[in-house]
Amino acid sequence: MIRIIAMLAFSLVLINKSYATDYYIHPQGNDNNTGLTAMAPWQSLSKASDQQYQPGDRLLLAKGQQFYGKLSLNQQQGQLNKPIQISSYATSDSSEQFAYIEAGNNNAALSIINSSYIEITELALSGTTATPKSKPKNSKVKPMRLGVLVKATQPGDYQGIVLKNLTIKDVFYHQVGFQRGDKEVKTANGQQSYGWGIRVINNLKNASISNLTISNNTVTNIAHTGIKFTSKYQKISDIRVTHNEVTHTGGPGIQLSGVKNGYFGHNLVNYSGSNDDSRKWGRGSGLWTWSSDNILIEHNEFSNASGPGDSAGVHIDFNCSHVVVQYNLSTNNAGGFCEILGNNFNNAYRYNISVNDGHRVKGVEGAFQEGKIFWLSGYQGQHKTRKGPFNSYFYNNTIYVDESIETKIAIDKRADGILIANNIFHIVGKSKAVLGDQYVADTANSSVAKNVSFENNLYLKQDNWPEKVMIKDSNPIYGDAQFLNKGGLTKADYTPTNITLIKGKGINIMPLANDAVGLKVGLKLQKDILNNPIGKQPSLGAIEVR
């Protein structure tokens, strides 16, 4: 009887094991091994890529070891509560946190194709060492190199991909010393081959990628974009990008095209648009959206974006709706703070702090756009008539610009629906109106934007809002908010100490006339940028005075 019970127990273990097998890989292993223990590991990434994994299985790479090539997960299907996991395992001779994959001559260090419920953790990925493969003849697709590629190439619904606790660094297509042409940085997104950190791509109508999480990763020293999403038909949806550190990217830090329902929170993006390597593109906002819907961008820090065009902290490119930018700190970004382009509907910047943004000067060091602290543009693509944006909400932001910067503002006469209220414009130096300059400059005439609600903003002095801007504040307030530490680089530095000027002096924000929608997430907030409760009558600026 005891023997029968023991046999049944052993059978149950085998059944469970078939759905949760650990596989090990070490450069000193052997592909003829079983791979089932750390004492008998596989050796190569190609062997690991050929395995068909079951829900709950784990592939473990030896920490401190360097693997060359590509780990490819193609048509691998985990389950909601049993994802296929790829991670690192500790060895007796290494105290390092990660295993390393160097892409070498491959297009990616790690690719996830037509797969669901895959969890990738504790790996370091790069792509720098080998001469790239030549572009296939008659191919219109630019070859690229990536840290991680997630892609749909066949019809299907793919979901549940998790990328967390990864280090992705030094990803380039070309070798050290490659020189880009002077005009390359002026092309939309670049026309040559680049390295990318993480790319998620789905350009199929009959496929979807959803419920994707990218969190707690470090992405640094990348030829182009750090984290990028691309879909022609908004078939990438329900994504969360949180607590990532993205630095020194040659293009944008984070960029999304064709995304529906996305949350971007608590990320740190620094030195996007970097040109510290001749292989980098050299232009890019901290984060920007295109043709995307229902996107919340909050509690991030965007700093030191550079480049001759764009390169704001966050900018909303054309064809977007319901993109809300709130609770962010934006500092020293060459292109500016608020940028909303054409054919955009019901987008908002609110309760953000901007410090010395928009310092770029057109014509200086190759710049083809002015840096602008506030820019509404009707641009919706070359060779298309300018249109909108529509129903742009801009309220309770705190903007500080020191005397070294001439602050610039541009508003397209085609803008329809503008709300500007409860902001603090603490501009120490000069201000001026400029024309929008997205490739082809806007034209000046007597036309003005429509459906404008512009009132109750605080200015340090009367010329903070330039006289030549087409719209005016109907009820301006003048005075010094007396920030706690002017010129500082933390949110708390911009706590107003002039209580009587600030406290309770805001107005409640209502939908614009002829706007039956407002914002999907609502116009009224309960907390300020520092998580202080907002009173029944809000204060001015991003920090609620108590």
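Preceding this paragraph is the structure being described.
A quick note: this is a predicted structure, and the numbers were derived from the prediction, not measured.

Caption draft 1: Molecular detail of the overall build of the chain. Of regular secondary structure, the chain possesses 3 helices and 41 strands. Here the C-alpha atoms of the chain give a radius of gyration of 26 Å, agreeing with the 24 Å that 2.2 N^0.38 yields for 546 residues. Referenced to the eigenvectors of the C-alpha coordinate spread, the extents of the chain come out at roughly 90 × 60 × 45 Å. Looking at the chain residue by residue over its 546 residues, the buried ones come to 60%. Long-range contacts, defined as pairs at least 24 residues apart, comprise 76% of the intrachain contacts of the chain with a sequence gap of at least 6. Carbon and sulfur atoms make up 50% of the accessible area of the chain, which totals about 22,400 Å². Put simply, the chain has 54 plus and 42 minus side-chain charges, and the middle of one group is 6 Å from the middle of the other.

Caption draft 2: Summary view of the environment of K205. Relative to the elements of secondary structure, K205 occurs in the loop between strand 14 (195-201) and strand 15 (207-215). In sequence terms K205 and M39 are 166 residues apart; their C-alpha atoms lie 46 Å from each other.

Caption draft 3: Fine view of the pairing of strand 24 (residues 293-298). When you tally the buried positions in strand 24, you get 5 out of 6 residues, the bulk of the element. Pairing between strand 21 (residues 259-265) and strand 24: 5 bridges, direction parallel. Paired with G265 across the strands is E298, a residue of strand 24.

Caption draft 4: Inspection of the pattern of salt bridges at higher detail. In this structure the tally under the stated criterion is 12 salt bridges. The salt bridge involving D412 is made with R386; its shortest N-O contact spans 3.8 Å. Here the residue D412 occupies a position in the loop between strand 35 (407-411) and strand 36 (416-421), and R386 occupies one in the loop between strand 32 (372-376) and strand 33 (390-395), the gap between them amounting to 26 residues. Judged by relative accessible area, D412 falls into the buried class, the value being 3%.

Caption draft 5: Summary view of the state of the cysteines. Per the counting criterion, the structure on display carries 0 disulfides. Not engaged in a disulfide, the cysteine C320 finds its nearest cysteine sulfur in C338; these two sulfurs lie 13 Å apart.

Caption draft 6: The arrangement of the nonpolar core in detail. Counting 84 residues, the largest nonpolar core has F229 and W465 as the members making the most contacts within it. Of all the elements, strand 15 adds the most residues to this core, at 4 residues. In contact with F229, not counting residues within four places along its chain, are V200, L212, I214, I236, I239, V241, Q255, L256, S257, V259 and F264. Core analysis: the second largest hydrophobic core is formed by 33 residues, Y351, L419, A542 and I543 among them.

Caption draft 7: The environment of N451, seen in detail. Along the chain, N451 turns up in strand 39 (residues 450-455). Between the C-alpha atoms of N451 and K235, which are 216 residues apart in sequence, the distance is 33 Å. The residues contacting N451, other than those within four sequence positions of it, are N391, D416, G417, I418, L512, A513 and N514. A polar contact of 2.6 Å, which involves the side chain of N451, links it to the backbone oxygen of A513.

Caption draft 8: Examining the packing of aromatic side chains more closely. Counted under the stated rule, the structure contains 21 aromatic pairs. With centroids separated by 5.6 Å and ring planes inclined at 75°, the aromatic side chains of F337 and Y349 adopt a geometry described as edge-to-face. Linking F337 in strand 29 (residues 336-340) with Y349 in strand 30 (residues 345-350), this pair joins segments that are 12 residues apart in sequence. Residues F337 and Y349 agree in their burial class; the two are buried. Pairing Y459 with Y478 gives two aromatic rings, centres 5.9 Å apart and planes at 40°, and the pair type is tilted. Of this pair, Y459 sits in strand 40 (residues 458-459) while Y478 sits in strand 41 (residues 477-478), and the two are 19 residues apart along the sequence. A residue is classified by how much of its surface remains accessible, and Y478, at 38% relative accessible area, is partly exposed. R199 extends its terminal NZ or CZ atom over the ring of W196, reaching a point 4.4 Å from the ring centre.

Caption draft 9: Region of the structure containing the pairing of strand 1 (residues 22-25). The alternating pattern of strand 1 places D22 and Y24 and Y23 and I25 on opposite faces, both of which are buried. With helix 2 (residues 45-50) bridging strand 1 and the parallel strand 2 (residues 58-62), this β-α-β connection has right-handed handedness.

Rules used throughout
- What you see as residue numbers is a count from 1 along each chain, following the sequence as written.
- Where local features are concerned, this predicted model is filtered to residues with pLDDT of at least 70; where side-chain atom pairs are given and counted, the filter is 80 or more; whole-chain, interface and lining totals use all residues.
- As a rule here, side-chain values come from all non-hydrogen atoms in the structure, and water together with hydrogens is ignored.
- In DSSP terms, a helix is any run of H or I states spanning at least four residues, a strand is any run of E spanning at least two, and both are numbered starting from the N terminus.
- Atoms considered for the radius of gyration are the C-alpha atoms alone. The globule rule reads 2.2 Å times the number of residues to the power 0.38.
- The buried label goes to any residue with under 20% of its type's maximum accessible area, the exposed label to any with over 50%, and the partly exposed label to all in between, with areas taken from a 1.4 Å probe on protein chains only.
- In this analysis, two residues are considered to be in contact whenever any of their non-hydrogen atoms come within 4.5 Å of each other.
- In this description, accessible areas are obtained by the Shrake-Rupley approach with a 1.4 Å probe, and a residue is regarded as covered only by the protein chains that are shown.
- None of His or the chain ends enter the tally, which takes Lys and Arg as positive and Asp and Glu as negative.
- To locate a charge, take NZ of a lysine, CZ of an arginine, CG of an aspartate or CD of a glutamate.
- Any two strands with at least two DSSP bridges between them are considered paired.
- By definition, a salt bridge exists where a carboxyl oxygen of Asp or Glu is found within 4 Å of a side-chain nitrogen of Lys or Arg.
- The rule for a disulfide is simple: a pair of cysteine sulfur atoms within 2.5 Å.
- Here, nonpolar core refers to any group of buried Ala, Val, Leu, Ile, Met, Phe, Trp, Tyr and Cys residues whose side-chain atoms link them within 4.5 Å.
- A 3.5 Å cut-off defines polar contacts: any pair of N or O atoms within that distance qualifies, except that in protein one atom must be a possible hydrogen donor and the other a possible acceptor, and neighbouring residues in sequence count only when both atoms are side-chain atoms.
- Ring pairs are drawn from Phe, Tyr and Trp, using the six-membered ring of Trp, whenever the two centres fall within 6.5 Å, and their geometry is named by plane angle: stacked under 30 degrees, edge-to-face over 60, tilted for the rest.
- A ring is scored as having a charge over it whenever the NZ atom of a lysine or the CZ atom of an arginine sits within 6 Å of its centre and within 35 degrees of its normal.
- Clockwise travel from the first strand over the helix to the second, with the strands pointing away from the viewer, marks a crossover as right-handed.

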